[in-house]
Amino acid sequence: MKIIYTDVLVIGGGLAGQRAAIGARRRGHEVIILSLVPAKRSHSAAAQGGMQASLANAIMGEGDNEDVHFADTIKGSDWGADQQVVRMFVDTAPKAVRELAAWGVPWNRVESGEHEVVINGKKVTIEEKDEAHGLITARNFGGTHKWRTCYVSDGTGHSMLYAVSNQAITQQIPVHERMEAMSLIHDGDRCLGAIVRNLITGELVAYVAKATVIATGGFGRIYRVSTNAVINEGMGAAIALETGLATLGNMEAVQFHPTGIFPAGILVTEGARGDGGLLLDGELNRFMPQYEPDKKELASRDVVSRHMEYHIAQGHAAKSRYGEHLWLDIRLLGEKHIKRNLREVYEICGHFLGVDPVHELIAVRPAQHYSMGGVRTDHRGESSGLRGLFACGEAACWDMHGFNRLGGNSVAETVVAGMIVGENIADFCDDAANELNVSTSLVKQFWKQQVDAINMLTSGRGKESALQLGNRMKDIMTDKVGIFRDGEKLEEAVDELQNLLRRSRNIGVRVKHKTANPELVNAYRVPRMLKLALCVAYGALQRTESRGAHFRNDYPQRNDAQWLKRTLARWQDPDADLPQLDYEELDIMQMEMPPGWRGYGARDYIDHPNTTLREAEIERIRQQLTGADNTAIQNALMPYQHLLPEMFRCGNQRLGGGS
C-alpha cells in the first residue's frame with residue numbers, strides 16, 4: 001500500500017479547487033490537487049457568459065452595488081439561500097474579478113462614446129462615460145436589475161481557468177492527473193484524506209491529509225440531456241455521502257438552462273439573450289412577453305425554462321426528426337457582435353448544428369445545467385458532519401444559491417468560494433489541535449475496502465450491465481424528476497431507482513483487467529450515481545411545495561409556512577435503498593431580507609407567520625438608526641463581516657469614489 005502525505009488534499013482541478021489550493025499554499029501549506037483530467041480541461045472551462053460582480057463601470061450598471069446584487073441573488077434563490085453567505089459572496093466578488101485581471105484574464109473593457117445595443121428586441125444607442133473607458137465592462141443577464149456580468153466574449157470560464165491554473169503552477173502546486181478519489185478516509189469524526197485510483201494503471205493509493213477539499217463540480221450526468229461535461233457524475237458528493245457522516249443539502253434543487261442546443265444539449269450562454277437574443281416558437285412568434293411582460297427572456301432561469309416547456313406542451317413547438325424544440329434568434333445582433341462577443345456560440349452552432357447563427361435560427365430546448373445541492377457545509381466551507389472535510393464550488397451547498405441560482409453567480413462562486421474557503425482551510429491547518437495522528441491500520445482498512453470492491457467487480461459473476469442501469473436512471477430522472485414534477489411520477493421514480501440500486505449490487509464487467517478500463521469505471525460509478533439520483537427524487541417527493549427550480553404541478557405554491565427549510569440527505573447504512581432525510585430550518589428572524597415576491601408571475605405563495613414580525617423589526621431598526629452609516633445598519637440587521645477572512649473585509653471602490 002502506497003501512502004502519500006500532504007497538508008491539504010484538493011479533489012477536483014477546476015476553478016474552485018485550484019483557487020482554494022492557491023489560498024492554502026500561499027499560507028505555507030503543502031497542497032496536492034487530484035483531477036480526473038488535465039486541470040485546464042476541467043469543466044470550468046465550459047462557462048461562457050461571465051461572472052457577476054457589482055463593479056458598476058458600464059453605464060447600464062450605474063448605481064449597482066453589493067446591496068442590489070444581494071437582493072437579486074436572494075430573490076433568485078427563492079429565499080432558499082443562506083443570507084450571510086450571500087453577503088460574503090457579493091462583497092468578495094469585485095475583489096475576485098480584479099484579482100483575476102491582475103492574473104491576466106483579458107476582461108472585456110468599457111469603450112467610451114456611443115454604442116448600439118439590442119434591448120427588448122430593439123436597437124438602441126447608449127453612451128459610455130469617458131471616465132469609465134478601459135475599465136472592466138459588463139453585460140446583461142437574467143434575474144438582475146443591473147448589467148453586472150463581467151465577461152471575456154463568451155469564453156469567460158476558459159480564460160479564468162487558464163489564469164488560475166497558471167497561478168497554481170507558479171505556486172508549484174502539483175496536480176495529479178487521471179486520479180479518482182474512491183472513498184474518504186475518516187475515523188468517525190474527522191476526515192483524514194482519500195483512497196485514490198489511478199485511472200491509467202489501476203493502482204490504489206492512499207492520500208493522507210490534514211484537510212480534504214471536495215471541488216468536483218456537479219452531478220448533471222444523472223440526467224439524459226445535460227450541459228455538463230461527461231465527467232460531471234457527482235463522485236465527490238457521492239463519496240462524501242457514503243461516509244454516513246457528511247450530509248448533502250438541497251439535492252432536489254436542480255436547474256435547467258433554457259438554451260441547450262437541440263438535441264445535443266450543449267450550452268448556449270445566457271449572454272446570447274443578455275446581449276439581446278430572442279426566444280421564438282414554431283410559428284416564429286416571440287412568446288416570452290406573454291408569460292413575463294417585464295423581464296421576458298431575461299427572467300430567472302427556472303422561470304424561463306418552465307415557460308418554454310409549457311409553451312411546447314401547448315402545441316407551439318418547432319418540429320424536427322429529433323423531436324420538438326424552440327428557436328433562439330441572435331441574428332439581430334449582427335455578424336460583428338456574434339463573431340466577437342459570441343464566438344463560441346458561433347462555432348458550436350456550426351460544428352454541432354450545421355447552422356450559421358448570423359443568418360439562421362438556433363434550435364434550443366431546456367437541458368439540465370446546474371446542481372444547487374451538494375456537500376452541506378457551514379459558511380467556512382467545512383462539512384457540518386465530518387470535521388476536516390471542506391467543499392467549494394458546485395460540489396458544495398454552503399448555501400449561496402438556495403433553490404435557483406442566477407446566471408453568472410456560479411463561475412463567480414468558484415473563485416469567491418475558493419478565496420474564502422482556501423483561507424479557512426489554512427486556518428484549520430494552522431491550528432495545532434488539528435495535527436494529524438493517523439493510524440496506518442485505519443488507512444489500510446479503507447484501502448482494502450476499495451481493493452475488495454474492485455476485485456469483486458473484476459472477478460465476480462455479476463449479470464447486470466452498468467451501462468443499461470445508468471441509461472435507465474437517466475431516462476427516469478429526465479422523464480419523472482425534471483422541470484415539472486408531481487407526486488405520482490416522483491413516487492414511480494423513487495420506486496424504480498430503488499430497484500435499479502438493488503440490481504446494481506449485481507453488476508458484472510466483461511473486461512476484467514484493472515488498468516485503463518472504462519467499463520470498470522462505469523461499474524463502480526453507476527451505483528453511486530443512483531444514490532445521488534435517489535437523494536434528488538426522494539427529496540423532491542417529500543418537498544410538497546414549489547420553490548425555485550423545484551416545481552410541483554400538484555403543489556404549485558411556495559410554502560414558507562411549512563417548507564422554509566433546507567433538505568439534508570445522509571446515507572448511513574450502505575445497504576439501504578433510500579437516504580435518510582432531515583431538515584434544517586431557515587430562521588426568518590435572522591434574515592436581512594425576509595421572504596416576499598420574487599417579481600415573476602402572480603404573488604401566490606404561503607407566508608411564514610414570522611415574516612411580518614421580521615419586516616416590522618427591520619423597519620424599527622432602520623428608523624432607530626436614521627442617519628447612521630451603512631456598516632452600523634448592516635450590523636444591526638444581519639452582521640456578516642466577521643465571518644469573512646480578514647483580508648477580504650475591505651470595501652469595494654467604484655467610479656465617483658463610492659464603495
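Worth saying up front: this structure is predicted, and the values here are computed from it rather than measured.

Details of the pairing of strand 16 (residues 362-371)
At step 1: In terms of burial, strand 16 is a largely internal element, nine of the ten residues being buried.
At step 2: The sheet contact formed by strand 12 (residues 254-261) and strand 16 spans six bridges and is antiparallel. The residue bridging Phe 256 from the neighbouring strand is Gln 368, located in strand 16.
At step 3: Of the pairings in the sheet, the one linking strand 15 (residues 323-329) to strand 16 comprises three bridges and is antiparallel in character. The residue bridging Leu 326 from the neighbouring strand is Val 364, located in strand 16.

Regarding the pairing of strand 9 (residues 191-198)
Regular strands place side chains that alternate from one sheet face to the opposite one.
At step 1: When you tally the buried positions in strand 9, you get eight out of eight residues, the bulk of the element.
At step 2: Pairing of strand 8 (residues 179-186) with strand 9 involves seven bridges; the strand directions are antiparallel. Across the sheet, Glu 180 pairs through a bridge with Arg 197, a residue of strand 9.
At step 3: What sits between the antiparallel neighbours strand 8 and strand 9 is a turn of four residues, in which Gly 188 has the positive phi angle 95°.

Examining the packing of helix 13 (residues 466-480) against helix 14 (residues 487-504)
At step 1: Interaxial distance between helix 13 and helix 14 falls to 10 Å at its minimum, and their mutual angle equals 170°. The angle between the axes of helix 13 and helix 14 places the two elements in the roughly antiparallel class. When helix 13 is examined against helix 14, the residues Leu 469, Arg 472, Met 473, Ile 476, Met 477, Asp 479 and Lys 480 are found in contact with a partner set consisting of Lys 489, Leu 490, Glu 492, Ala 493, Glu 496, Leu 497, Leu 500, Arg 503 and Ser 504.
At step 2: Taken together, the residues of the contact of helix 13 with helix 14 break down into eight nonpolar, one polar and seven charged.

As for empty space enclosed by the protein
At step 1: All chains considered together, the criterion is met by four cavities of 30 Å³ or more.
At step 2: The calculated volume of the largest cavity comes to roughly 60 Å³.
At step 3: Lining the largest cavity are Val 254, Gln 255, Phe 256, Asp 302, Ser 305, Arg 306, Asn 404, Ile 483 and Ala 549.
At step 4: Residue assignment for the lining of the largest cavity shows that the elements contributing at least two residues are strand 12 and helix 8 (301-316).
At step 5: Of the residues belonging to the lining of the largest cavity, the class tally is four nonpolar, three polar and two charged.

Looking at the layout of surface pockets
At step 1: Taken as a whole, the second largest pocket encloses approximately 1,000 Å³ of empty space.
At step 2: Taken together, 34 residues form the lining of the second largest pocket, with Glu 242, Gln 450, Ala 453, Arg 528 and Lys 531 sitting closest to its centre.
At step 3: Secondary structure elements with two or more residues in the lining of the second largest pocket: strand 8, helix 12 (440-459), helix 14 and helix 15 (518-542).
At step 4: No other element matches helix 12, which puts eight residues into the lining of the second largest pocket.
At step 5: Per-class residue counts for the lining of the second largest pocket are 15 nonpolar, eleven polar and eight charged.

Focus on the environment of Ala 318
At step 1: Mapped onto the fold, Ala 318 is located in strand 14 (residues 318-320).
At step 2: Sequence-distant contacts of Ala 318, that is, excluding residues within four places in its chain, are made with Gly 282, Gly 323, Glu 324, His 325 and Trp 327.

Remarks on the pattern of salt bridges
At step 1: What the rule picks out here adds up to 55 salt bridges.
At step 2: A salt bridge links Arg 224 to Asp 475; the shortest N-O distance between them is 2.8 Å. Of this pair, Arg 224 sits in the loop between strand 10 (204-214) and helix 5 (235-241) while Asp 475 sits in helix 13; the two residues are 251 residues apart in sequence, bridging distant segments of the chain.
At step 3: Between Glu 617 and Arg 614 there is a salt bridge, with the nearest N and O atoms lying 2.7 Å from each other. With Glu 617 and Arg 614 both in helix 17 (residues 611-624) and three residues apart, the pair spans about one turn of that helix.
At step 4: Within this structure, Asp 78, Glu 252, Asp 302, Arg 306, Arg 543, Glu 545, Arg 547, Arg 558, Asp 560 and Arg 598 form a network of salt bridges that share partners.

Here's the deal with the environment of Tyr 583
At step 1: Counting through the fold element by element, Tyr 583 comes out in strand 22 (residues 580-585).
At step 2: Residue classification places Tyr 583 among the partly exposed residues on the basis of a relative accessible area of 30%.
At step 3: Linking Tyr 583 and Leu 568, residues 15 residues apart in sequence, is a C-alpha distance of 5.6 Å.
At step 4: Setting aside residues up to four positions removed in sequence, Tyr 583 forms contacts with Gln 542, Trp 563, Lys 565, Arg 566 and Thr 567.

Topic: the sheet that holds strand 22
At step 1: Pairing is mixed across the open sheet formed by five strands, whose spatial order is 19-17-11-21-22. Each of the sheet's edge strands pairs with one partner strand only, and the pair in question is strand 19 (396-397) and strand 22.
At step 2: The strands that helix 15 touches are strand 11 (248-249), strand 21 (565-570) and strand 22; relative to strand 22, the one it contacts most, it runs at about 60°.

Here we look at the environment of Leu 532
At step 1: Following the sequence through the fold, Leu 532 ends up in helix 15.
At step 2: Those residues within four positions of Leu 532 in sequence are excluded, and the remaining contacts are Phe 219, Glu 233, Gly 234, Ala 237, Ala 238, Leu 241, Leu 248 and Met 251.

Here we look at helix 14
At step 1: Between its first and last C-alpha atoms helix 14 spans 25 Å; for 18 residues at 1.5 Å apiece the expected length is 26 Å, and the two agree.
At step 2: Taken residue by residue, helix 14 has Gly 487, Leu 490, Ala 493, Val 494, Leu 497, Gln 498, Leu 500, Leu 501 and Ser 504 as its buried positions. The buried residues of helix 14 all sit within an arc of 165° when viewed along its axis, so they share a single face.
At step 3: The elements touched by buried residues of helix 14 are helix 13 and helix 15.
At step 4: Two to three positions downstream of the cap, the backbone nitrogen of Glu 488 sits 3.1 Å from a side-chain oxygen, assigning the N-cap of helix 14 to Asp 486.

Calculation criteria
- Residues numbered from 1 in each chain as written.
- Predicted model: local features only at pLDDT ≥ 70, side-chain atom pairs only at ≥ 80, totals over all residues.
- Heavy atoms only, no water.
- Buried < 20%, exposed > 50% of the residue type's maximum accessible area, 1.4 Å probe, protein only.
- Helix = DSSP H or I, 4+ residues; strand = E, 2+ residues; numbered from the N terminus.
- Pairing = 2+ DSSP bridges.
- Axes fitted to C-alpha atoms, helices over the stretch in contact; angles between N-to-C directions.
- Parallel < 35°, antiparallel > 145°, perpendicular 65-115°, else oblique.
- Contact = heavy atoms within 4.5 Å.
- Nonpolar A, V, L, I, M, F, W, Y, C, P; charged D, E, K, R; others polar.
- 1 Å grid on protein atoms, 1.4 Å probe; cavity = no way out; pocket = protein on both sides within 12 Å on 5 of 7 lines; lining within 4 Å.
- Points joined across faces, edges and corners; volume = space filled by probe spheres on them.
- Salt bridge = Lys/Arg side-chain N within 4 Å of Asp/Glu carboxyl O.
- Expected span 1.5 Å × (residues − 1).
- Arc of directions from axis to C-beta.
- Polar contact = N/O pair within 3.5 Å; in protein donor to acceptor, adjacent residues only side chain to side chain.

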